[in-house]
Amino acid sequence: MGIKLKTRKPTGIVPWPLILLEGDEGAGKAQPLDSLVATPDGWTRIGDLTEGRHVIGADGHVTTVTGVFDRGDLPIYRVTLSDGATVEAAGDHLWQVWTTQDRHRRRKNGERRNHPGRVLTTDAIAELLKAGRVVHLPMVQPVHYAQNGTPLPLNPYLLGLLLGDGGITQTVSFFSADPELHAAVRAALPPGDTVAEDKSDPRNIFLRGGATLTRLRDLCLHGHRSENKFIPEPYKRASVDDRLALLRGLMDTDGGVEKTGALFYTSSHRLAADVRELVESLGGTASTSTKTPKFRTADGELREGQLAFRLRVRLQPGVCPFALSRKVERWQAARPKRMAMMPWRIVKEITFLGVKPARCIRVAAEDHLYVTEHFVVTHNTYSAAEFSASELVGQMYWVDLAEGSADEYAAIDGARYLIIEHDGTYRDILEQIRAVFLEARRAAAAGEPPVVLSVDSGTALWRMLKTWTNERARRSRNNAQLLQENPDASIDVGMNLWNDATERWLEVIHLLQTFPGIAIITARGKQITAIDEGGKPVKDNRGRVLREWKVQAQKDLAFDCSVWVRMRRGRAPQVIKARSLQLRVEDGKPLVLENFTVEDLVFNRLGCSMDSQPRQMPALVGDRVQAWLEDNDVEELQDVEKLRELWWEAAKDDTGLTRAEVVSIRGAIERKVAVLENPPTDMGQGSASDADRLRAAAERKAAEEPDVDPDDVTVPEPTRRPARKRNPAKTTASKVPARR
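Below is a summary of the structure that appears in this document. (Residues numbered from 1 in each chain as written. Predicted model: local features only at pLDDT ≥ 70, side-chain atom pairs only at ≥ 80, totals over all residues. Heavy atoms only, no water.)

## A word on the overall build of the chain
Quick reminder of the rule: Where helices and strands are cited, they refer to DSSP runs of H or I of at least four residues and of E of at least two residues respectively, numbered from the N terminus. Buried means the residue's accessible area, taken with a 1.4 Å probe over protein chains only, is under 20% of the maximum for its type, while exposed means over 50%, and partly exposed covers the values in between. Working rule for contacts: check all heavy atoms of both residues, and any pair within 4.5 Å makes them a contact. Computed with the Shrake-Rupley method and a 1.4 Å probe, the accessible areas treat only the protein chains shown as cover for residues.
Each helix and strand counted, the chain has 20 helices and 31 strands in total. The 740 residues of the chain split such that 43% are buried. Within the chain, contacts between residues separated by at least 24 positions form 68% of all contacts whose residues are at least 6 apart in sequence. Accessible surface for the chain amounts to roughly 41800 Å². Of this, 49% is attributable to carbon and sulfur atoms.

Quick look at the structure:
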């Protein structure tokens, strides 16, 4: 029979891609349910937040909660910062950070580089601290609350002056030796109020008219001594300008200047906490310390005064905490040329607290940051499942392989996908992927938008196959005996077992490569030490060990995909490789995509459209035996007569099988018939042997005999069983099925 040449013309149509979305290993976001989150109306427990609520983003403006996900009980850590602020978070919680090296990195021309920072988990930050690294957190910008523009009962600067040096226990008075402050009080009084000087002490003035007194009573401040003063809630949620004016009134009276910053003093614990919150809401820091002053009486007796609180105040560059002329001048004169007076936060300590119920939230802000307790900026969820919301695609099917994120990501605005249910076994997972494959083929034939299949993740699938391979190795006779003697012994995993795992992996990959729609597979990436051919770490010319990035899955995954996208936290996504004429990526020069979406990648950069087709990639196999057996369901058939028919059909001329392939197929059918005609016993995997039959007969006889007391039985002395000749094994099933 001659060989027929088979050809076809290329279509020039861009095929549907298999996209690898590779991200950092691990993904965290959780905080305890009692953690506080800044909202436009004040503080709210993260456990009370719901989707659609507004919170404060890192830019100080309102952002919307787009997802709320309970994470169950998780290990929780306390993160202590350089200004004394503390935040509780899970070990996998995400933080945007800078190291000292990041902040001081310079270009070749000597200019300081604006490092974008990196996103690390709490656990990763803890490791940096152990290594002696300094880790900085970003500062929140001045917060804009919902009360912006709402009229306040008293001028905020006047309230600051009264909280600092005012007397509000009975009549309202103000004590200061600075005429500028007296003039400021007069200018800020409500209509109808006036000022009367104290004739006995010109430094003291009284506020007359009653309007100020009435408003202090409405704010529940009247009658409080200095050790009990506080900032009313409306003023803590006022506009940025009003809060700054309030702070300046406090600093002009009870504040001072030193070389490294501005200081505020008070004997009120509550006022100290309120001033700290006020400063932090303006994008600054206010580290707090205490001191008990001592003084001598007229009789020379040494006494202790009231506990005093001292706050070291740092605000954003260009923002002066004073309004009083002489303090402003001193602050400007003392202000160093560098960054000593700028607010900054360094992670000082991370300690384990225990296990608590935790929750994470996703916000709509572009940087995915929101503000938690003490106005600390923290990270949240990022998801690629938004592609399912695209109007250009049809139904998305999500295969969740032990990642547990499928339900969580459904909260993304517009997300619409179906979760594929499976029992966790490879066979069921493969069958479900084949079912989606057939549905995608139907949709393509009907001219419907492309079906999308998302497998999350390839890392979990390969881990499952590796576990299966090791379990098989442990069950082998030699390894089982070795482990029985020493449970910690290392075992040998045969190459044939690894080949079986790779074969199963390739079955899934081939379905994804030829999928009649868009296929996405996720995987985790991890930075590892570069190793040379001799197994030793690779070093640069300065003796530093080099690091490289590795996909945590079967080693060929990244190269089997048509597009490879790396999505590291805190960095813009990068296209590492693209098998496409439309999207060119030079080797070693990843393409950075600042505003990456899968929709833009598929339909714009790759140039796919409704005319796209699956890649024409027939599976490469050594022969057609396995394909013939699968096409004819030999493994699943339980009908011996049908198997006998297939035994004869394999040799027909129209099958195109070679003689060697027919022999292999018939051998497989014969083994299947043998198993059906003589099923395996519970004791073994083969057909019943003579020993099995004797053992079964003895068990039946024992079951028929009456119960006997073991003490009444006389056990004879064991005798040596005479040896017998070994007979050839008998065939338990017809080797060749009967011809019809």
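On we go from here.
## Observations regarding the sheet that holds strand β20 (residues 308-314)
The criterion, for reference: Here the rule is simple: two strands pair whenever DSSP picks up at least two bridges between them. The axes used here are C-alpha line fits, helices contributing only the stretch in contact, and every angle between their N-to-C directions lies in the interval 0 to 180 degrees.
Taken in spatial order, the 4 strands make up an open sheet running β15-β16-β20-β17, and their pairing is antiparallel. Across the chains shown, the open sheet's two edge strands, defined by having one partner strand only, are β15 (255-258) and β17 (285-291). Between one strand and the next, the sheet's axes are offset by a mean angle of 25°, whatever the strand orientation. Examined bridge by bridge, β17 and β20 share 7 bridges and lie antiparallel to one another. Its bridge partner being in β20, Thr-285 is matched across the sheet by Arg-314.

## With respect to the packing of helix α7 (residues 240-254) against helix α8 (residues 269-281)
We count it as follows: Note that the term roughly parallel is reserved for angles under 35 degrees, roughly antiparallel for angles over 145, roughly perpendicular for angles of 65 to 115, and oblique for everything else. By convention, the crossing between two helices is left-handed when the near helix turns anticlockwise from the far helix through less than a right angle, and right-handed when the turn is clockwise. Side-chain classes follow a simple rule in which Ala, Val, Leu, Ile, Met, Phe, Trp, Tyr, Cys and Pro form the nonpolar group, Asp, Glu, Lys and Arg form the charged group, and the remainder, Gly included, forms the polar group.
Where α7 contacts α8, the axes come no closer than 10 Å and their chain directions differ by 135°. The orientation of α7 with respect to α8, classified from their angle, is oblique. The way α7 lies across α8 gives a crossing that is left-handed. Counting all contacts with α7, which are made through Arg-243, Leu-246, Leu-247 and Leu-250, the residues of α8 involved are Val-275, Leu-278, Val-279 and Ser-281. Split into classes, the residues belonging to the contact of α7 with α8 amount to 6 nonpolar, 1 polar and 1 charged.

## Thoughts on the nonpolar core
Condition: Here, the term nonpolar core denotes a set of buried Ala, Val, Leu, Ile, Met, Phe, Trp, Tyr and Cys residues that are joined through side-chain atoms within 4.5 Å.
Membership of the largest hydrophobic core comes to 50 residues, with the highest contact counts inside it found for Ile-231 and Val-275. Only α3 (156-165), α4 (179-188), β14 (204-208), α7, β16 (261-266), α8, β20 and α9 (325-334) provide two or more residues apiece to this core. Leave out the neighbours within four places in its chain, and Val-275 touches Ile-231, Leu-247, Leu-250, Phe-264 and Leu-311.

## Here's the deal with the packing of aromatic side chains
Filter applied, for reference: Here is the rule: rings of Phe, Tyr and Trp (six-membered ring for Trp) pair when centre to centre is within 6.5 Å. Planes less than 30 degrees apart are stacked, more than 60 are edge-to-face, and the remainder are tilted. Charge-over-ring placement is defined geometrically: NZ (Lys) or CZ (Arg) within 6 Å of the ring centre, and within 35 degrees of the ring normal.
For the structure shown, the criterion picks out 7 aromatic pairs. Seen from their ring centres, Tyr-77 and Phe-352 are 5.5 Å apart, and the 65° between their planes marks the pair as edge-to-face. Here the residue Tyr-77 occupies a position in strand β6 (residues 62-81), and Phe-352 occupies one in strand β21 (residues 345-363), the gap between them amounting to 275 residues. Plain terms: the ring middles of Phe-437 and Phe-515 are 6.2 Å apart, the flat faces sit at 75° to each other, and that makes the pair edge-to-face. One end of the pair, Phe-437, is in helix α11 (residues 426-445); the other, Phe-515, is in the loop between α14 (495-513) and β27 (518-529), and 78 residues separate them in sequence. Exposure remark for Phe-515: the relative accessible area of 1% places this residue in the buried category. Just above the ring of Phe-230 sits the side chain of Arg-270; from NZ or CZ to the centre is 3.8 Å. If you follow Arg-666 out to its NZ or CZ, it ends over the ring of Trp-647, 3.6 Å from the centre.

## What about the packing of helix α18 (residues 640-649) against helix α19 (residues 659-677)?
One can describe the packing of α18 onto α19 by two numbers: an axis separation of 10 Å at closest approach and a directional angle of 165°. Taken together, α18 and α19 sit at an angle that is classed as roughly antiparallel. Here the hand of the crossing between α18 and α19 comes out left-handed. Residues Val-640, Leu-643, Arg-644, Leu-646, Trp-647 and Trp-648 of α18 pack against Arg-666, Ile-669, Glu-670, Lys-672, Val-673, Leu-676 and Glu-677 of α19. A class-by-class count of the residues in the contact of α18 with α19 yields 8 nonpolar, no polar and 5 charged.

## Structural notes on helix α12 (residues 458-475)
The cut-off we apply is this: Helices are assigned an expected span. That span is 1.5 Å times one less than the residue count.
Relative to the 26 Å expected for 18 residues at 1.5 Å per residue, α12 spans 26 Å between its end C-alpha atoms, a close match to the ideal helical length. Listed as buried for α12 are Gly-458, Thr-459, Ala-460, Leu-461, Trp-462, Leu-465, Thr-469 and Ala-473.

## Section: the pattern of salt bridges
Inclusion rule: Salt bridge, as used here, is a side-chain nitrogen of Lys or Arg placed within 4 Å of a carboxyl oxygen of Asp or Glu.
For the coordinates displayed, the defined rule picks out 26 salt bridges. In this structure, the salt-bridge partner of Glu-22 is Arg-566, at a minimum N-O distance of 3.1 Å. Taken as a pair, Glu-22 in strand β1 (residues 18-24) and Arg-566 in strand β29 (residues 563-567) lie far apart in primary sequence, 544 residues in all. Residues participating in the shared-partner salt-bridge network are Glu-233, Lys-236, Arg-237, Asp-274 and Glu-277.

## Some words on the sheet that holds strand β12 (residues 173-175)
Strand order in the open sheet made by the 4 strands is β11-β12-β14-β13, with antiparallel pairing throughout. Looking at which strands have only one partner, the edges of the open sheet turn out to be β11 (166-167) and β13 (194-197). In this structure, β13 lies alongside β14, joined through 4 bridges in antiparallel fashion. Of the residues in β14, the one forming a bridge with Ala-196 is Phe-206.

## Overview of the pairing of β21
Pairing of strand β2 (residues 31-32) with β21, which is carried by 2 bridges, proceeds in the antiparallel orientation. Residue pairing for β21: Pro-32 is matched across the bridge by Ala-358. Of the pairings in the sheet, the one linking strand β10 (residues 135-137) to β21 comprises 2 bridges and is antiparallel in character. Looking at the pairing, Leu-137 lines up with Arg-345 of β21.

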